[in-house]
Amino acid sequence: MRYGIFSDTHANLTALEAVMRSFEGEKVDALICLGDTVGYGSQPNECCDIVRKNAKFTILGNHDAAVAGRMDYSYYYDAAREALDYHRRILSDENMEWLRSLAFIEKDEDTHFCHGSPVDLEEFEYIFSVEQAATCIPIWDRLGQATFIGHSHLCKAFAISRERVFEVVTREFEVRSEYRYVISVGSVGQPRDHDPRASYTIYDSSRRHFEFKRVEYDVAEAAKRIYDIGQLSDSFGARLFAGV
């Protein structure tokens, strides 16, 4: 199976459309969304519509859960909370029901998909360091050969043995059978690795080959859409230019 895997669109339609165009040339068998289709950005309905139509699986992200009334987000910082409140007001009934239906994890044989750490799915813990990835060692036998996650907005990969963790610091690599892998696929709509290009990934489970991908999109257009709404913090647009 050749998967196209993406995450954290955050209502950035301009970035999502660029990624979808890129997937058309990748000849994937299935698209997988790892969550957070909503939050921060200007066009949650349009992004939900595209993901619902095209993804084989979509995972529940923490922003999805917040908007859908499946978690408390009163402790989020003001701008993020206000964006979620705004999205709750404007999401269609159909998209809201879809968000309420999403699972915390999906498994396709030995390839697993979740939003945050697989250790405690409902807590949405981050994994972007060796130390955080090491928390998966106690559940090594329950991990897929490859587990794909989002949430951190960073492109990171970790190979986990029964005793220790190694960070895989290359853009593409082969998945080796003696390890379990946890791979953070970055963000479509709000990258935070100082690269403003939208992130997506390709995993061929037959060949056990993984690759990080990036695609340029019109950041100025996406930022302008945020500014023009008048309901969202300007910082959500400004950060897109720097990829932070």
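Here the structure is shown first, and the text comes after it.
What comes next concerns the included structure. (Residues numbered from 1 in each chain as written. Predicted model: local features only at pLDDT ≥ 70, side-chain atom pairs only at ≥ 80, totals over all residues. Heavy atoms only, no water.)

**Quick word on the packing of helix α7 (residues 219-229) against helix α8 (residues 235-242)**
The line we're drawing: Each axis is a line fitted through C-alpha atoms, and for a helix only the stretch in contact is used; angles between axes span 0 to 180 degrees, taken between their N-to-C directions. Strands are runs of DSSP state E lasting at least two residues, helices are runs of H or I lasting at least four, and both sets are numbered from the N terminus onward. For this classification, under 35 degrees means roughly parallel, over 145 means roughly antiparallel, 65 to 115 means roughly perpendicular, and everything else is oblique. Two residues form a contact once any of their heavy atoms are found within 4.5 Å. Residue type decides the class: Asp, Glu, Lys and Arg count as charged, Ala, Val, Leu, Ile, Met, Phe, Trp, Tyr, Cys and Pro as nonpolar, and the leftover types, Gly among them, as polar.
Their axes nearest at 8 Å, the elements α7 and α8 cross at an angle of 170°. Between α7 and α8, the angle falls in the class roughly antiparallel. Contacts from V219, A220, A222, A223, I226 and Y227 in α7 reach F236, G237, A238, L240 and F241 in α8. The residue makeup of the contact of α7 with α8, split by class, is ten nonpolar, one polar and no charged.

**Points about the sheet that holds strand β2 (residues 30-33)**
Under the convention used in this document: Any two strands between which DSSP finds at least two bridges are classified as paired.
Pairing in this open sheet of six strands is mixed, and the strands run β3-β2-β1-β11-β12-β9 from one edge to the other. Every interior strand has two partners, whereas the edge strands, β3 (55-58) and β9 (172-174), have only one. Going from strand to strand, the sheet's axes swing by 20° on average, the running direction of each strand aside. Sheet analysis places strand β1 (residues 2-6) next to β2, joined by four bridges and oriented parallel. When the bridges of β2 are listed, G4 appears paired with L31.

**Some thoughts on empty space enclosed by the protein**
The criterion, for reference: Detection works on a 1 Å grid of protein atoms alone, calling trapped sets that fit a 1.4 Å probe cavities and calling open sets with protein on both sides within 12 Å along at least five of seven lines pockets, with lining residues defined by an atom within 4 Å of a point. Grid points are joined across faces, edges and corners, and a volume is the space filled by probe spheres set on the points.
Under the criterion given, the structure shown has one cavity of 30 Å³ or more. Of the voids in this model, the largest cavity is the one considered here, and its volume is about 80 Å³. Taken together, 16 residues line the largest cavity, and the ones lying closest to its centre are A11, N12, G41, I226 and L240. Within the residue set of the lining of the largest cavity, elements represented by two or more residues are α1 (13-24), α7 and α8. Per element, the largest residue contribution to the lining of the largest cavity is three residues, and it comes from α7.

**Section: the sheet that holds strand β4 (residues 105-108)**
Reading across the sheet, the six strands line up as β4-β5-β6-β10-β7-β8 and stay open at both edges, with mixed pairing between neighbours. Of all the strands in the sheet, the pair left with one neighbour each is β4 and β8 (165-167). Shown here is a sheet whose adjacent strand axes are inclined to one another by a mean of 20°, direction ignored. Relative to strand β6 (residues 146-149), strand β5 (residues 111-114) runs parallel, the two sharing three bridges. Note that in β6 the partner of F113 across the bridge is F148.

**A look at the nonpolar core**
As a reminder, the rule being used: Among buried residues, those of type Ala, Val, Leu, Ile, Met, Phe, Trp, Tyr and Cys that are joined through side-chain atoms within 4.5 Å constitute a nonpolar core. We call a residue buried when its accessible area falls under 20% of the maximum for its residue type, exposed when it is over 50%, and partly exposed in between, using a 1.4 Å probe and counting protein chains only.
With 47 residues, the main nonpolar core has F6, L16, F23, L99 and Y217 as its most contacted residues. The element that contributes the greatest number of residues to this core is α1, accounting for seven residues. Setting aside its immediate chain neighbours within four residues, F6 contacts L16, M20, F23, L31, I32, C33, L34, V51, V185, V188 and Y200. Grouped together as the second largest cluster of nonpolar side chains are 22 residues, I5, F57, Y181 and Y203 included.

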